[in-house]
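What the coordinates show
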Amino acid sequence: MLKKIKSLQELVQDSINKGATSVEEVHRTIASMPFDQLEKIAVLETSSQKARKLTDESIGAVYETIRTLNDRAGKIARDLLDKLDQTAPAHSGGRGRVSAKTAPGRRKKGTKKKL
């Protein structure tokens, strides 16, 4: 079960990274359209080029931040899953099973449930 969760975590992380890259490409394409037209006007060419550069840098920074956060979240998830894997009881010989006597939430005889 834990292997499936780890595989799912990797799949989700990879999908987010690829999705961010795809959206970034579309964003850059759409953002470049007005600059393409403005740069055809001689008096606006230099200003438009500067604005395009600033826009490209901003777009790049936003999507790089998304990928960085995704990578960090993935590392946290992997670390937690590894800890869970290390503390999980073995599945042989009935070890690691919780009995009715020791089950979490089980009250001792004569005690009432607090509201």
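Fair warning: this is a prediction, and the values are worked out from it, not measured in the lab.

**Considerations on the overall build of the protein chain**
- The helix and strand tally for the protein chain stands at two helices and zero strands.
- The burial tally for the protein chain puts 16% of its 115 residues in the buried class.
- Put simply, of all contacts in the protein chain between residues at least 6 apart along the chain, 65% involve residues at least 24 apart.
- Only carbon and sulfur atoms are counted for the fraction: they give 61% of the accessible area of the protein chain, which is about 9,700 Å².

**Thoughts on helix α1 (residues 2-38)**
- Compared with the 54 Å implied by 1.5 Å per residue over 37 residues, the 55 Å span of α1 between its first and last C-alpha is a close match.
- Its maximal kink placed at Ser32, α1 deviates by approximately 30°, while the proline Pro34 follows within four residues.
- Buried within α1 are the following residues: Leu2, Gln9, Gln13, Asn17, Ala20, Glu24, Ala31, Ser32 and Phe35.
- In this structure, the buried residues of α1 make contact with α2 (45-87).

**Quick word on a nonpolar patch on the surface**
- Among the surface-exposed residues, Leu8, Leu11, Val12, Ile16, Val62 and Ile66 lie close enough to one another that they form a single nonpolar patch of about 500 Å² accessible area.
- If one sorts the elements of the nonpolar patch by residue count, α1 sits on top with four residues.
- Structurally, the position occupied by Val12 is in helix α1.
- A relative accessible area of 40% means that Val12 is categorised as partly exposed.

**As for the pattern of salt bridges**
- Overall, the coordinates contain 11 salt bridges when judged by the stated rule.
- Between Asp79 and Lys75 there is a salt bridge; the shortest N-O distance is 3.1 Å. Highlighted residues: Asp79 and Lys75, both in helix α2, separated by four residues, approximately one helical turn.
- Look at Lys75 and you get partly exposed, because its relative accessible area is 46%.
- Each of the salt bridges in this network shares a partner with another, and the network as a whole consists of Glu24, Arg28, Asp56, Glu64 and Arg67.

**Digging into α2**
- Taking 1.5 Å per residue, 43 residues should reach 63 Å; α2 reaches 63 Å between its end C-alpha atoms and fits that length.
- Residues Ser48, Arg52, Ile59, Gly60, Tyr63, Arg67, Asn70, Gly74 and Leu81 constitute the buried set of α2.
- Packed against the buried residues of α2 are α1.

**A word on the packing of α1 against α2**
- The contact between α1 and α2 brings their axes to 10 Å, and the two run at 175°. If you check the angle between α1 and α2, you find them roughly antiparallel.
- The residue makeup of the contact of α1 with α2, split by class, is 15 nonpolar, 11 polar and 12 charged.

Conventions used here
Residues numbered from 1 in each chain as written. Predicted model: local features only at pLDDT ≥ 70, side-chain atom pairs only at ≥ 80, totals over all residues. Heavy atoms only, no water. Helix = DSSP H or I, 4+ residues; strand = E, 2+ residues; numbered from the N terminus. Buried < 20%, exposed > 50% of the residue type's maximum accessible area, 1.4 Å probe, protein only. Contact = heavy atoms within 4.5 Å. Areas by Shrake-Rupley, 256 points an atom, 1.4 Å probe, with all protein chains shown as cover. Expected span 1.5 Å × (residues − 1). Bend = angle between axes of the 7 residues up to and from the residue. Patch = residues over 30% accessible without salt bridge, like charges linked within 9 Å, V, L, I, M, F, W, Y side chains within 5 Å. Salt bridge = Lys/Arg side-chain N within 4 Å of Asp/Glu carboxyl O. Axes fitted to C-alpha atoms, helices over the stretch in contact; angles between N-to-C directions. Parallel < 35°, antiparallel > 145°, perpendicular 65-115°, else oblique. Nonpolar A, V, L, I, M, F, W, Y, C, P; charged D, E, K, R; others polar.

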